[in-house]
Amino acid sequence: MASVKQQMEVATAAKVLKLLGDKTRLTMVALMLEDECCVCEFVELFQMSQPSISQHLRKLRDVGLIEEERRGQWIFFRVNKKHEAYDMVASLLNHIPDQTERLRELEKDGLRVCCD
């Protein structure tokens, strides 16, 4: 029975790592680990269309890696710290450049939570 659980864990890890193999999704998760973000912020940061950003977020949400919370007209996304792969993801993100400065720049430019 234990080997089945181990296989599930390996399968989950593989799925999460595959999703994070995409530069945009990896960066998104790194940003959301720093602070929750709205789709409009990702559109600005990545200079991508809203549908493209939403597609990336949907993939991360479908595996439970991120959570969303609606506040009025806005939906905010954050890393799901209860996900079984959270520790692995947090450890992985320690090996890439910190993304805090990108959020500060966005705020400085008055573009944090700019949904209209």
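The structure we're discussing is the one just above.
Only a predicted model underlies this, so the values are computations on that prediction, with no experimental measurement involved. (Residues numbered from 1 in each chain as written. Predicted model: local features only at pLDDT ≥ 70, side-chain atom pairs only at ≥ 80, totals over all residues. Heavy atoms only, no water.)

Scanning the entire structure with this criterion turns up nine salt bridges. Where Arg78 meets Glu69, a salt bridge forms, and the shortest distance between an N and an O atom there is 3.1 Å. Put simply, Arg104 and Glu101 hold a salt bridge, and the shortest N to O gap is 3.4 Å. Highlighted residues: Arg104 and Glu101, both in helix α6 (residues 100-108), separated by three residues, approximately one helical turn. Three or more residues are tied together by salt bridges with common partners; here these are Glu36, Glu67, Glu69, Arg71 and Arg78. (Salt bridge = Lys/Arg side-chain N within 4 Å of Asp/Glu carboxyl O. Helix = DSSP H or I, 4+ residues; strand = E, 2+ residues; numbered from the N terminus.)

Packing of helix α2 (residues 23-34) against helix α3 (residues 39-46) leaves a shortest axis separation of 12 Å and a crossing angle of 125°. When the axes of α2 and α3 are compared, the pair comes out oblique. The way α2 lies across α3 gives a crossing that is right-handed. In contact with Thr24, Thr27, Met28, Leu31 and Met32 of α2, α3 contributes Phe42, Leu45 and Phe46. Its residues placed into classes, the contact of α2 with α3 shows six nonpolar, two polar and no charged. (Axes fitted to C-alpha atoms, helices over the stretch in contact; angles between N-to-C directions. Parallel < 35°, antiparallel > 145°, perpendicular 65-115°, else oblique. Left-handed = near helix turned anticlockwise from the far one by under 90°. Contact = heavy atoms within 4.5 Å. Nonpolar A, V, L, I, M, F, W, Y, C, P; charged D, E, K, R; others polar.)

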